[in-house]
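Given next are the chains, with one letter for each unit.
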Amino acid sequence: MLRCLPILLILLLFFSGLEGCAQRRSTLFPENFGKQNTQNTAARQTQSSNPYQSNSLAGFWEKFKQRMLKVGAPTDRRQQSPHPDYSPNDPWEYLQDTPGDYQQDQQWFPQTPQDYPDYIEQQPVSERNLSPIRQVAANLPTGETATTPPERTVSAQQQILASFPEETPPYFLPNTAQTPTPKQPVGAKTQPKPRSALVQALEKEYKPLTDRNWIPNHSRQATAVRNGDFITIRNIRNTTYRTATDYTTSYSEATYPLAELTSVDLIEVPFKGLPSVAHVEISFGFADGRHLGVSVEARYEVGESYDPLGGVCNQFELIYVIADERDIIRINTDINRNDVYLYRLNLTQQEVRTMFVDIMNRANKLAAQPEFYHTVKNNCTSNIIDHINKSKPGAVPSEYRTLFPGYLDHLLYDVKLVATEASTFKEARTLAKINSLAQQYGDTEYFSAGIRQNLY
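Note that residues are indexed from 1 along each chain, following the sequence as it is written. It should be noted that, the model being predicted, local features are given only for residues of pLDDT at least 70 and side-chain atom pairs only at 80 or more, the latter also being counted only at that level, while totals for whole chains, interfaces and linings use all residues. Hydrogens and water molecules were not included; the side-chain quantities draw on all heavy atoms of the structure.

Novice: Outline the overall build of the protein, listing residues and values.
Specialist: Summing up its helical and strand segments, the protein has 17 helices and eight strands in all. Three exposure classes are used, based on accessible area relative to the maximum for each residue type with a 1.4 Å probe and protein chains only: buried under 20%, partly exposed in between, and exposed over 50%. For the protein, with 456 residues in total, the buried portion stands at 36%. Throughout, a contact is declared for two residues whenever any of their heavy atoms are within 4.5 Å. Look at the contacts in the protein between residues 6 or more apart in sequence, and 62% of them connect residues 24 or more apart. Each accessible area is a Shrake-Rupley result for a 1.4 Å probe, and residues are judged covered by the shown protein chains and nothing else. A total of about 29300 Å² of accessible surface is found on the protein, and carbon and sulfur atoms cover 55% of it. Helix and strand assignments follow DSSP, with helices taken as H or I runs no shorter than four residues and strands as E runs no shorter than two, numbered in order from the N terminus.

Next up, the structure:
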């Protein structure tokens with residue numbers, strides 16, 4: 001029995017299709033109407049006048065053709081619309097819902113609403129026979145005429161939450177992931193973040209500082225204050241040595257007039273067994289016979305000593321030692337037993353004053369902004385050459401001898417920067433050696449004049 005059902009359905013569709021073809025043929029060819037049976041034609045017209053009210057197979061077929069196959073007279077569809085919300089007063093609304101039904105019937109209905117732009121606006125929404133949902137949608141404002149939306153109804157829970165103060169609302173935790181961080185106003189100072197002990201230890205190790213556990217000879221950085229033509233220098237060192245590590249250090253303050261600044265001398269101390277490496281110092285002379293020494297050194301902490309490799313690795317800070325001339329000379333001639341050479345530099349009085357002021361400014365800067373000592377780039381020789389070139393531009397050229405301080409005196413002699421009457425550098429170097437003179441006049445008040453007797 002079940003196997004026969006598909007066959008029966010096919011036969012029913014076939015016969016109903018024949019009937020529909022006959023009706024369609026009678027519509028397309030009206031000349032055949034006279035040959036048809038009048039009673040059958042009248043019955044079919046009565047049945048098909050409203051096919052949606054017919055429960056016969058033909059009625060269902062008519063609905064299928066009109067809905068799916070789009071076959072049939074358009075006048076029937078206009079008179080019997082399947083859409084209950086369709087109203088003849090608003091044909092454009094129905095076209096938007098079912099645009100495919102009436103796109104071909106252009107004589108009866110326009111394609112665009114621009115053909116009657118004022119029709120919908122003049123007619124109220126309540127008179128268009130729209131469903132409640134479409135009435136609400138039609139009352140919504142458009143983009144051009146949109147106004148402020150009506151106030152929403154606030155629930156009782158929202159009213160309770162709104163009544164609490166914003167500073168400390170109860171049972172309320174802010175969502176930091178969604179809440180943006182407020183921007184700091186321009187010029188506001190931000191609170192520094194606390195640093196860990198490890199970061200502080202690393203900064204103390206790899207950042208130049210002024211507050212370390214220095215040795216007594218490097219415990220203070222000299223500074224200078226200028227008042228017109230007078231310069232007052234604080235923390236002038238004066239050390240009495242018993243050994244290289246056993247000494248007594250004192251600091252004083254003195255004022256020097258720039259007008260009485262007359263000369264500047266270069267002091268070179270080669271290292272024992274390594275003559276190409278030397279420590280270079282300078283000494284300024286005044287008209288009243290006083291001399292003030294300046295030594296650019298690696299600043300040592302307690303337990304440290306000079307190490308060229310450590311100087312490359314930022315192990316030491318840089319310090320400008322401004323001291324009595326006896327201090328920086330006798331430590332080398334009497335304690336360390338190094339050869340010491342003293343050369344008068346061939347500079348004018350104005351150039352000497354310029355160099356002196358530049359060195360005082362450099363000392364003040366180091367007291368505020370410490371720097372690392374570097375064995376090659378920021379040492380005694382490089383800083384002194386910079387001061388000489390600032391007072392007399394281009395006086396010391398850049399060459400290999402500037403990298404080896406033991407040859408600096410020879411370079412200065414070659415560029416005529418050493419004031420001497422010697423015809424050769426060897427003779428000038430012999431006259432410049434002051435070890436015996438320093439030991440001879442070390443404990444007298446004529447120390448500075450005694451070590452320079454060969455220079456006059």
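Novice: Before we move on, can you summarise the confidence of the model for the protein with the specific residues and values?
Specialist: Regions with low pLDDT carry predicted coordinates that are not meant to be interpreted in detail. Each residue carries a pLDDT score, the predictor's own confidence in it, on a scale running from 0 to 100. Here the protein averages 76 in pLDDT, while 58% of its residues score no lower than 70. Low pLDDT (under 50) marks residues 74–83, which in the prediction has 17 contacts with non-local residues, meaning those over four places away or in another chain. Taken together, the stretch residues 163–179 has pLDDT below 50 and engages in four contacts with residues farther than four places along the chain or on a different chain.

Novice: So what about the pattern of salt bridges? Which residues, and what values?
Specialist: A side-chain nitrogen of Lys or Arg and a carboxyl oxygen of Asp or Glu constitute a salt bridge if their distance falls within 4 Å. Enumeration according to the criterion identifies 16 salt bridges in this entry. With a closest N to O distance of 2.4 Å, glutamate 399 and arginine 401 form a salt bridge. The structure contains a network of salt bridges with shared partners spanning Asp265, Glu325, Arg344 and Arg452.

Novice: So what about the packing of helix α12 (residues 349–368) against helix α13 (residues 380–391)? Which residues, and what values?
Specialist: A fitted line through C-alpha atoms represents every axis, and for helices the fit uses only the stretch in contact; the resulting angles, taken between N-to-C directions, go from 0 to 180 degrees. Direction vectors running N to C along α12 and α13 enclose 135 degrees, while the axes themselves pass 8 Å from each other. Considering the angle they form, α12 stands oblique to α13. For the pair α12 and α13, the crossing hand works out as right-handed. For the pair α12 and α13, the contacting residues are Glu351, Thr354, Met355, Asp358, Ile359 and Arg362 in the first and Asn383, Ile384, His387, Ile388, Lys390 and Ser391 in the second. The classification used treats Ala, Val, Leu, Ile, Met, Phe, Trp, Tyr, Cys and Pro as nonpolar, Asp, Glu, Lys and Arg as charged, and all other residues, Gly among them, as polar. Of the residues assigned to the contact of α12 with α13, the class counts are four nonpolar, four polar and four charged. Orientation categories follow fixed angle ranges, with anything under 35 degrees roughly parallel, anything over 145 roughly antiparallel, 65 to 115 roughly perpendicular, and all other angles oblique. In this scheme, a crossing is called left-handed if the near helix is turned counterclockwise away from the far one by less than a right angle; it is called right-handed if the turn is clockwise.

Novice: Explain the side chain of serine 276 to me, using residue names and the numbers behind them.
Specialist: Mapped onto the secondary structure, serine 276 falls in strand β5 (residues 274–286). Given a relative accessible area of 16%, serine 276 falls into the buried group. Residues within four places of serine 276 in sequence aside, it is in contact with Phe404, Pro405, Gly406 and Tyr407.

Novice: Give me the lowdown on the packing of aromatic side chains, citing residues and values where you can.
Specialist: Centre distance within 6.5 Å is the pairing criterion for rings of Phe, Tyr and Trp, where only the six-membered ring of Trp is used; planes under 30 degrees apart are then read as stacked, over 60 as edge-to-face, and the remainder as tilted. Tallied over the entire structure, the rule returns nine aromatic pairs. Seen from their ring centres, tyrosine 300 and phenylalanine 316 are 5.5 Å apart, and the 75 degrees between their planes marks the pair as edge-to-face. Of this pair, tyrosine 300 sits in the loop between β6 (291–299) and α10 (308–312) while phenylalanine 316 sits in the loop between α10 and β7 (317–324), placing them 16 residues apart in sequence. With respect to class, tyrosine 300 is no different from phenylalanine 316; both count as buried. A relative accessible area of 0% means that phenylalanine 316 is categorised as buried. Members of the aromatic cluster, joined through ring pairs, are Tyr256, Phe284, Phe286 and Phe356. When the ring centre of tryptophan 214 is taken as origin, the NZ or CZ atom of arginine 299, which lies over that ring, is 4.2 Å away. Ring-over charges, as used throughout, are those where CZ of Arg or NZ of Lys falls within 6 Å of the ring centre and within 35 degrees of the ring normal. A cation over an aromatic ring shows up here: arginine 429 above the ring of tyrosine 341, its NZ or CZ 4.0 Å from the ring centre.

Novice: Before we move on, could you go through the pairing of β7 and cite the residues and values that matter?
Specialist: Counting buried positions along β7 yields seven of eight residues, so the element is predominantly enclosed. Think of it this way: DSSP has to see at least two bridges between two strands before they count as a pair. Here β6 runs beside β7; their pairing, made up of eight bridges, is antiparallel. Among the inter-strand pairings, glycine 293 is bridged to a residue of β7, identified as alanine 323.

Novice: For the environment of phenylalanine 284, give the residues involved together with the corresponding values.
Specialist: With respect to the helices and strands, the residue phenylalanine 284 is situated in strand β5. The buried category is assigned to phenylalanine 284, whose relative accessible area is 0%. A C-alpha to C-alpha distance of 7.8 Å links phenylalanine 284 and phenylalanine 356, two positions 72 residues apart in sequence. What phenylalanine 284 contacts, discounting residues up to four positions off in sequence, is Leu261, Ser263, Val264, Arg290, His291, Leu292, Val294, Val352, Met355, Phe356 and Ile359.

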